[in-house]
Amino acid sequence: GMTTLLDKSSISYGLDISIANYRNYKQMRDLLGADHTIDLDYFLRDDDTFGNLLQNNMATPNRYIREGDRFGYDYAIRSNNISVFATYRYLSERLDIDIATKVGYCDISRRGFYRKELFADNSLGVSRHLKFSPYSLRLKADYLIANNHLISATIATEATPCDKEDLFLQSQYNNRIIDNPTMRTSYNGEVRYTFQKPNFAINTTLFISAELNDTQVRHIYDDLLREYSDVVMSGVKTLCYGLEVEAEYRFADHFTTTAALLLGRYKYASNSLVTIYSDASNTLLADHVESHIKGLSLGNAPQVAVTAGLSYYNKGWWATISANYADLRYIEPSMVMRTERVLAMTTS
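Described in the following lines is the structure provided in the data block. Remember, predicted model here, so these are calculated numbers, not experimental data.

Quick notes on unusual backbone geometry
The backbone of Lys-8 shows a phi angle near 65°, a positive value even though the residue is not glycine. Considering the arrangement of structural elements, one finds Lys-8 in the loop between strand S1 (2–6) and strand S2 (9–27). At Leu-32, a position not held by glycine, the phi torsion is positive, near 55°. Along the polypeptide, Leu-32 turns up in the loop between S2 and strand S3 (37–38).

Observations concerning the pairing of strand S12 (residues 200–222)
Pairing of strand S11 (residues 183–197) with S12, which is carried by 13 bridges, proceeds in the antiparallel orientation. In the sheet register, Thr-185 faces S12, and the bridge partner there is Leu-212. Between S11 and S12, which pair antiparallel in sequence order, lie 2 residues. Strand direction decides the pairing type here: S12 and strand S13 (residues 227–252), joined by 20 bridges, are antiparallel. What sits directly across from His-219, in S13, is Asp-230. In this antiparallel pair of consecutive strands, S12 and S13, the connection spans 4 residues, and Arg-226 shows a positive phi of 60°.

Topic: the packing of aromatic side chains
Any aromatic ring pair is given by two values, namely how distant the centres are and how the planes are angled relative to each other. A complete count under the given rule lists 9 aromatic pairs for this structure. Where Tyr-73 meets Tyr-75, the ring centres are 6.0 Å apart and the plane angle is 50°; that geometry is what we call tilted. Its relative accessible area of 13% is what places Tyr-73 among the buried residues. Residues Phe-200 and Tyr-249 carry aromatic rings whose centres are separated by 6.4 Å and whose planes lie at 70° to one another, so their mutual orientation is edge-to-face. Pair noted here: Phe-200 is in strand S12 and Tyr-249 is in strand S13, with a separation of 49 residues, a long-range link. On the basis of relative accessibility, which here comes to 42%, the residue Tyr-249 falls in the partly exposed class. Members of the aromatic cluster, each reached through a chain of ring pairs, are Phe-195, Phe-200, Tyr-249, Phe-251, Phe-255 and Tyr-312. Positioned above the aromatic ring of Phe-113, the side-chain terminus of Arg-23 is 3.7 Å from the ring centre. The ring of Tyr-173 carries the charged tip of Lys-116 above its face, separated from the ring centre by 4.6 Å.

Criteria and cut-off values
Residues numbered from 1 in each chain as written. Predicted model: local features only at pLDDT ≥ 70, side-chain atom pairs only at ≥ 80, totals over all residues. Heavy atoms only, no water. Helix = DSSP H or I, 4+ residues; strand = E, 2+ residues; numbered from the N terminus. Pairing = 2+ DSSP bridges. Phe/Tyr/Trp six-rings, centres within 6.5 Å; stacked < 30°, edge-to-face > 60°. Buried < 20%, exposed > 50% of the residue type's maximum accessible area, 1.4 Å probe, protein only. Lys NZ or Arg CZ within 6 Å of the ring centre and 35° of its normal.

Now the structure itself:
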């Protein structure tokens, strides 16, 4: 990148190029005393329809797998990215403004190194290339109200491809791309107030974040259809907002105490759509069924968190003791089970 200096401002700009190749495979680490196993898809052994399509790699049928060998699946996902970026910064005695933007091109593809018998025509070699145009825009401003008081505000928007593994129906075995892959879009904003003195500092932040049009792929056993399935969840929208407070107080030469509080609300902003395919044949089993998740909480992340700590530091040595509390942590809701197809097939 390069920077051009102006009066009280500057412009930085440049070009980013990245090539990433993610290789994924299974490797036998321990045969538990056995001499070998055979590289077959054992999930299909008792299947009346596909039980004769067991080879994981048709180039080496019935291959003996010993410790250290690769087996099952072997593939790579390649991502080529190029983007141009620019940042304008204005700096005065009290005001600091940053405007940053990035526009790019992204090419994603899968390359299979095994020709799986179940998907003999679409597992080996390079998939169709997926092409996206990601972008981002961010505006940040810091204003020094007085010597000890600073207020900051940030707004940003970004569009990026979905997670690479979620662009393929079965990335381990198959070049099959999901229908209508799109970019997810996010909008973020925060306002922060900072009060700082030599021995005391406090930060208070209000934040909000919305993510739209995300796509996720899950692999499940569908109890209603009684078969292993690949589930594409599209149109996933989430909304997160809350308050963060952080404080630090140095009450003696070598002692510092810290505390932080997080109060948040993380939820699904609307219903999503669920499409289900047979894992063995890619047959469409349910097409864009509505999942009633609007208003439900996101899983795994606590929506209330408190932490407090005491630290001692002297001549390169330090010791810390802390206490943490987290609450309102939910399990992730099942989008598949919250559909009308489930209600229609149940008795209560």
